[in-house]
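Residues per chain are reported as follows:
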Amino acid sequence: MPLYLLRRALQAVVVLLAISATAFALFYAAPSDPAVIACGPKCDASQIAAVRDSMGLDQPILAQYADYVRGLFAGRTINDVDGTPIACDAPCLGYSYALHEPVRAAITSRFPVTLSLAGGALAVIVVFGIGAGFLSALRRGRLTDRLLSGFTLVGASVQIYFLGYALQYLLVYRTGWFALPGYTSPGDDIGAWVAGLLLPCLVLGFVNAAVFARLSRAQMLEVMHEGYVRTARGKGLSPLRAHLKYTSRGAAAPLVQLLGLEVGALLGGAFITETVFGLSGVGKLAVDAVVQNDLPTVVGTVLLAAFFVVVFVALADLVVAWLDPRVRLA
Amino acid sequence: MSGSGKERPVLRVRDIGVTFTGTRGTVMAVEGVTFDLARGEVVGLVGESGSGKSTVGLAALGLHDPARTQVTGSIEIGGTEIVGAAEDTLRPLRGNRVAMVFQDALAALSPFHGVGAQLAEAYRIHHRSASRAEARDRAADMLERVGIPAARARDFPHQFSGGMRQRVMIAMALINSPDVLVADEPTTALDARVQRQVLDLLDELRHEHGTAVVLVTHDVGVVAHATDRVLVMRGGHLLEEGPTRRVLTTPEHPYTRALIGAAPTLTSEPGTRLPTVDEPEPKPRTAARAPVTATGRLLAEITGLHVEFGGGRTLLGRRREPARAVRGVSLHVREGETLGLVGESGSGKSTTARVLAGLQRPTAGEVRFEGRDISGAAGDTALRRELSREVQLVFQDPYASLNPRRTVEQIVTTPLRVHTEADAAERRERAAGLLEQVGLSAADLDRYPHEFSGGQRQRVGIARALALRPRLIIADEPVSALDVSVQAQVLNLLMDLRDELGLSLLFVSHDLAVVRHFCDRVAVMRHGEIVETGTRDEVFERPGAAYTRDLLAAMV
């Protein structure tokens, strides 16, 4: 077990380094010049050269990357456009000349939005996705199953930007049943926090729940006929209790693994949902940075998303091993 | 110990019918089956696969899925009707008055829970007032009773051996002292010695708890050993019933006679044609098998063979302890001879056979075919290809070993395509001849494996092995997955082919009676070593090793 954790941690570091290096390299291969962007449209050639020098952009790309990685672990000092030094503590994700703030601060200020959205969507996925699949399997071929299957098919085929705008129009502007989507810190007003995120979470969760509903239904139907479920019934357990205790346990592993990926992805930001509902989360920050050629923010957000995926995939594997004692961590 | 006729039977089955509804319409699995089970009695429900015997067992617990299965007639447990009863009526009976033991304990026990917890659950379901601690104690007692230390109660099923798992299953079924136990092939997956232990344990516990048993099995030996009365089923119908001794000695129905005669025993005449269901009284073979001289030309030879698995390095560079599957085995097969390699599961017999076939790289030792070193065949494509002209394999599972997407013609002609210059027409002609040789017909060439029964598929597998006229055939448990009467057909076929073609065989099997019937010489393996080798008569009449004597004594 400790060996497993060590191995997974090493693996995570390698993956994250590879991703950050790729993001770094790709960005420098792009035709635009970061110094021009940082300096702004009114700079002349000598000003740009000065900026390039103070940002360290005249260094070889490998040296710049090494500098960046060092900052991640030990922190570093970054020069602003005009050469004023900015202290950046570890883990330093760099300084955004476009936003005029450290990348870490940019992410930290937007992360609560993403976290709230991801948490709410996850609850919807577990309750409506996995719950619907479970119910469908128990009522296989009946009306409940057909209705739920149809409903999840809608979820799988509809796009967030359509469903989001349509529901916002219907439920917020036309009927006023839902509050206007927006983010209020739960520390300030917990009621407003819930009300403002309810619709975005439902939409994001519903669209992603479809995959889970279909997978959990298929898994349940497969495990339902396992010998140990029959044994449980032969002991005198009711069908529902046998399925809750044994079938769901047997069906869980692939769901947990998919859920790990999903949580990782959600925490990396949900750009479309954030845009549709006018929320300022990490997803929007990342896409805006790409559009504006804001290199440090792009690398920072990409790295953050990758970090969450790697961590939650490893966590999912741990949960699977805990669920099934036959699984050996390797 | 037959129950008295006056007492009310604990299980009363009247004219039951079971129909499965599937995508291809309905199938009548059981029809018109009637019998009684008296208190403490053991009734054997015997038949081949598809006879409906397991279906009857499941119906006794009302465990058939009502959405897909229709049960008619009447089944009473201690006076309570099971057929058509509501879940609320059945639940208090299941696991309490009637319990079940399944064939494959690894599949039937939950892989997610410790065995102690599974036993305790079975107790608590029917003893609502019992505390967790009481249930745990009761489970520990029961585990001790079946010879499993209570300290292992927290262990999971996959951490036990097959025999121990089946004992856990039995302990769980009997924890509430039920009136009726339905045991569905409880020992079929076990080695002979373990089977004997489990059957004896079942018998002891049955006496202690006063439980009556329906023992579902295909094995006439198990019936003879463990039952008072026997019911013979075929195609969903009850063919014959009576006291075990009477049915086994003077069976009335020809099918029963064939079923009993089809399995060779330690007293049957070796090498004779076995009776089958289609041919209950076979013509005796024209000539007895001539004893193979010990001076025949040496065909294959293994000397000092070792095979180890695993043993790689860990992350920290430490060498893992390898699993030593074969430890210093030496054996040989002479021209025209059949060598039987017997042993229990895990004894290394299949690994030894795979080395000889060039499929497994030996860790150490010498492997020769016709004097030529072939120990490197597993890593040398050209050498293995050459070897496969001379050495062919017949596998255990005729369902898994034939490609379901290929026609029989493609399956049988593949070796010809790879190894000979024959064109398509010549290959087809040769394949037709081979099929006729194994008792199929040229019309079967264009059919797919799923259109055949298990016995027919094994014939296809044999035809494929014969296609290149190999010098040596390695048959790894070729009849173990087959019903007894089909096993008899395939053994008869192999004996005929052997005489006709003068084949040399390495015959790997766990079944002593089959080996005695079929083989000229026998090598007995245990824990990767050969404990005894000799001619058939030496090994079976005058066994030298204590282990061989144990194996023979365990035969039921």
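Bear in mind that the values here come from a model prediction, so they are computed numbers and not experimental data. (Residues numbered from 1 in each chain as written. Chains lettered and ligands numbered in written order. Predicted model: local features only at pLDDT ≥ 70, side-chain atom pairs only at ≥ 80, totals over all residues. Heavy atoms only, no water.)

**Notes on the environment of A:L237**
Then, in step 1: Its place among the elements puts A:L237 in the loop between helix 9 (227-235) and helix 10 (239-267).
Then, in step 2: Spatially, the C-alpha atom of A:L237 lies 34 Å from that of A:L261, the residues being 24 residues apart in sequence. (Helix = DSSP H or I, 4+ residues; strand = E, 2+ residues; numbered from the N terminus.)

**A closer look at the layout of surface pockets**
Then, in step 1: Space inside the second largest pocket adds up to approximately 1400 Å³.
Then, in step 2: Along its surface, the second largest pocket is lined by 37 residues, and A:R233, B:H64, B:D65, B:P66 and B:A67 are the ones closest to its centre.
Then, in step 3: Elements represented by at least two residues in the lining of the second largest pocket include exactly helix 5 (103-138), helix 9 and helix 10 of chain A together with helix 1 (53-60), strand 4 (69-77) and helix 2 (87-90) of chain B.
Then, in step 4: Take the lining of the second largest pocket: its biggest share by element is four residues, from helix 9 of chain A. (1 Å grid on protein atoms, 1.4 Å probe; cavity = no way out; pocket = protein on both sides within 12 Å on 5 of 7 lines; lining within 4 Å. Points joined across faces, edges and corners; volume = space filled by probe spheres on them.)

**Observations concerning the nonpolar core**
Residue and element names in this part refer to chain B.
Then, in step 1: Core analysis: the biggest nonpolar cluster contains 74 residues, and L11, V30, L37, I75, L119, M169 and L181 have the highest contact counts within it.
Then, in step 2: Looking at this core element by element, the count peaks at eight residues for helix 6 (residues 162-174).
Then, in step 3: In contact with L37, not counting residues within four places along its chain, are P9, V10, L11, V43, V180, A212, V213, V214 and R229.
Then, in step 4: Judged by nonpolar contacts, the second largest core, of 62 residues, contains V232, I411, M495 and Y547. (Core = buried A, V, L, I, M, F, W, Y, C linked by side-chain atoms within 4.5 Å. Buried < 20%, exposed > 50% of the residue type's maximum accessible area, 1.4 Å probe, protein only. Contact = heavy atoms within 4.5 Å.)

**Regarding the sheet that holds strand 1 (residues 11-22) of chain B**
Residues and elements named next belong to chain B.
Then, in step 1: Read from one edge to the other, the open sheet built from four strands follows the order 2-1-4-5, with strand pairing classed as antiparallel. For this open sheet the edge positions go to strand 2 (25-37) and strand 5 (80-81), each flanked by a neighbour on one side alone.
Then, in step 2: As judged from the two bridges shared by strand 4 and strand 5, these two strands associate in the antiparallel manner. The residue bridging E76 from the neighbouring strand is E81, located in strand 5.
Then, in step 3: Here helix 1 sits on the sheet and contacts strand 1, strand 2 and strand 4; the angle it forms with strand 2, its principal contact strand, is near 70°. (Pairing = 2+ DSSP bridges. Axes fitted to C-alpha atoms, helices over the stretch in contact; angles between N-to-C directions.)

**Some details on the packing of helix 13 (residues 408-419) of chain B against helix 15 (residues 454-466) of chain B**
Two measures define how a pair of helices packs: the angle their axes make with one another and the distance between the axes.
Residues and elements named next belong to chain B.
Then, in step 1: Relative to each other, helix 13 and helix 15 sit at 30°, their axes nearing to 7 Å. Classified by the angle between their axes, helix 13 and helix 15 sit roughly parallel to one another. Side by side, helix 13 and helix 15 meet where V408, I411, V412 and P415 of the first sit next to V460, A463 and R464 of the second.
Then, in step 2: Partitioned by chemical class, the residues of the contact of helix 13 with helix 15 number six nonpolar, no polar and one charged. (Parallel < 35°, antiparallel > 145°, perpendicular 65-115°, else oblique. Nonpolar A, V, L, I, M, F, W, Y, C, P; charged D, E, K, R; others polar.)

**Focus on the interface of chain A and chain B**
Then, in step 1: Of the residues lining the interface, 23 residues belong to chain A; the matching set on chain B comes to 28 residues.
Then, in step 2: Interface area, chain A with chain B, both sides summed: about 2400 Å², of which 64% is carbon and sulfur.
Then, in step 3: A per-residue breakdown of the area chain A buries against chain B is headed by A:R230, A:K235 and A:P325, which together make up 26% of the total.
Then, in step 4: With a closest N to O distance of 2.6 Å, A:K235 and B:E121 form a salt bridge.
Then, in step 5: Where chain A touches chain B, the interface holds ten residue pairs in polar contact (both at pLDDT 80 or more).
Then, in step 6: Mapped onto the side of chain A that touches chain B, the elements with two or more residues apiece are helix 1 (2-29), helix 9 and helix 10 of chain A.
Then, in step 7: The dominant element in the side of chain A that touches chain B, judged by the number of residues it contributes, is helix 9 of chain A, at seven residues.
Then, in step 8: A class-by-class count of the residues in the side of chain A that touches chain B yields seven nonpolar, seven polar and nine charged. (Buried area = accessible area lost by both parts, 1.4 Å probe. Salt bridge = Lys/Arg side-chain N within 4 Å of Asp/Glu carboxyl O. Polar contact = N/O pair within 3.5 Å; in protein donor to acceptor, adjacent residues only side chain to side chain.)

**Some thoughts on the state of the cysteines**
Residues and elements named next belong to chain A.
Then, in step 1: Under the definition given, this model contains one disulfide over all chains.
Then, in step 2: Between the sulfur atoms of C88 and its disulfide mate C92 the distance is 2.1 Å. Linking C88 and C92, the disulfide has an S-S dihedral of approximately 105° and is accordingly described as right-handed. When sorted by exposure, C88 lands in the same class as C92, which is buried. (Disulfide = S-S within 2.5 Å.)

**A closer look at the side chain of B:T407**
Residue and element names in this part refer to chain B.
Then, in step 1: Relative to the helices and strands, T407 resides in the loop between strand 16 (391-394) and helix 13.
Then, in step 2: Owing to a relative accessible area of 12%, T407 belongs among the buried residues under this scheme.
Then, in step 3: Excluding residues that lie within four positions of it along the chain, T407 makes contacts with L445, D446, R447 and Y448.

**Focus on the pattern of salt bridges**
Then, in step 1: Throughout the structure, instances matching the rule amount to 43 salt bridges over all chains.
Then, in step 2: Measuring nitrogen to oxygen at the nearest pair gives 3.1 Å for the salt bridge that ties B:R14 to B:D36. In this pair, B:R14 is assigned in strand 1 and B:D36 in strand 2, connecting sequence segments 22 residues apart.
Then, in step 3: Using a relative accessible area of 26% as the deciding quantity, one classes B:R14 as partly exposed.
Then, in step 4: The exposure class assigned to B:D36 is partly exposed, which follows from its relative accessible area of 28%.
Then, in step 5: As a salt-bridge pair, B:R152 and B:D155 come within 2.9 Å of each other at their nearest N and O atoms.
Then, in step 6: Residues joined by salt bridges that share partners form a network here, namely A:R233, B:E87, B:D88, B:R91 and B:R94.

**Structural notes on the sheet that holds strand 9 (residues 229-234) of chain B**
Residues and elements named next belong to chain B.
Then, in step 1: The strand order across the open sheet formed by six strands is 6-7-8-3-9-10, and the pairing between neighbours is mixed. The open sheet is flanked by strand 6 (98-101) and strand 10 (237-243), the only strands paired with a single partner. Pairs of neighbouring strands in the sheet enclose a mean axial angle of 15°, with direction left out of account.
Then, in step 2: Across the sheet, helix 10 (residues 254-262) lies against strand 3 (42-46), strand 9 and strand 10, angled at about 105° from strand 9, the strand it touches most.

**Comments concerning the pairing of strand 6 of chain B**
Residue and element names in this part refer to chain B.
Then, in step 1: Residue alternation in strand 6 divides its side chains into two sets, V98 and M100 and A99 and V101, and both sets are buried.
Then, in step 2: In this sheet, strand 7 (residues 180-184) lies alongside strand 6 in parallel orientation, the contact comprising four bridges. Among the inter-strand pairings, A99 is bridged to a residue of strand 7, identified as L181.

**A look at empty space enclosed by the protein**
Then, in step 1: All told, the structure shown has five cavities of 30 Å³ or more when counted by the stated rule.
Then, in step 2: Of the pockets and cavities examined, the largest cavity occupies roughly 100 Å³.
Then, in step 3: A:T231, A:G234, A:K235, B:G95, B:A99, B:M100, B:F102, B:A122, B:M169, B:M172, B:A173 and B:N176 together form the lining of the largest cavity.
Then, in step 4: Contributions of two or more residues to the lining of the largest cavity are made by helix 9 of chain A together with strand 6 and helix 6 of chain B.

**Section: unusual backbone geometry**
All names here are of chain A.
Then, in step 1: With a phi close to 55°, H100 is a non-glycine residue in the positive phi region.
Then, in step 2: As for its position among the elements, H100 is in the loop between strand 3 (95-96) and strand 4 (101-102).
Then, in step 3: A relative accessible area of 54% places H100 in the exposed class.

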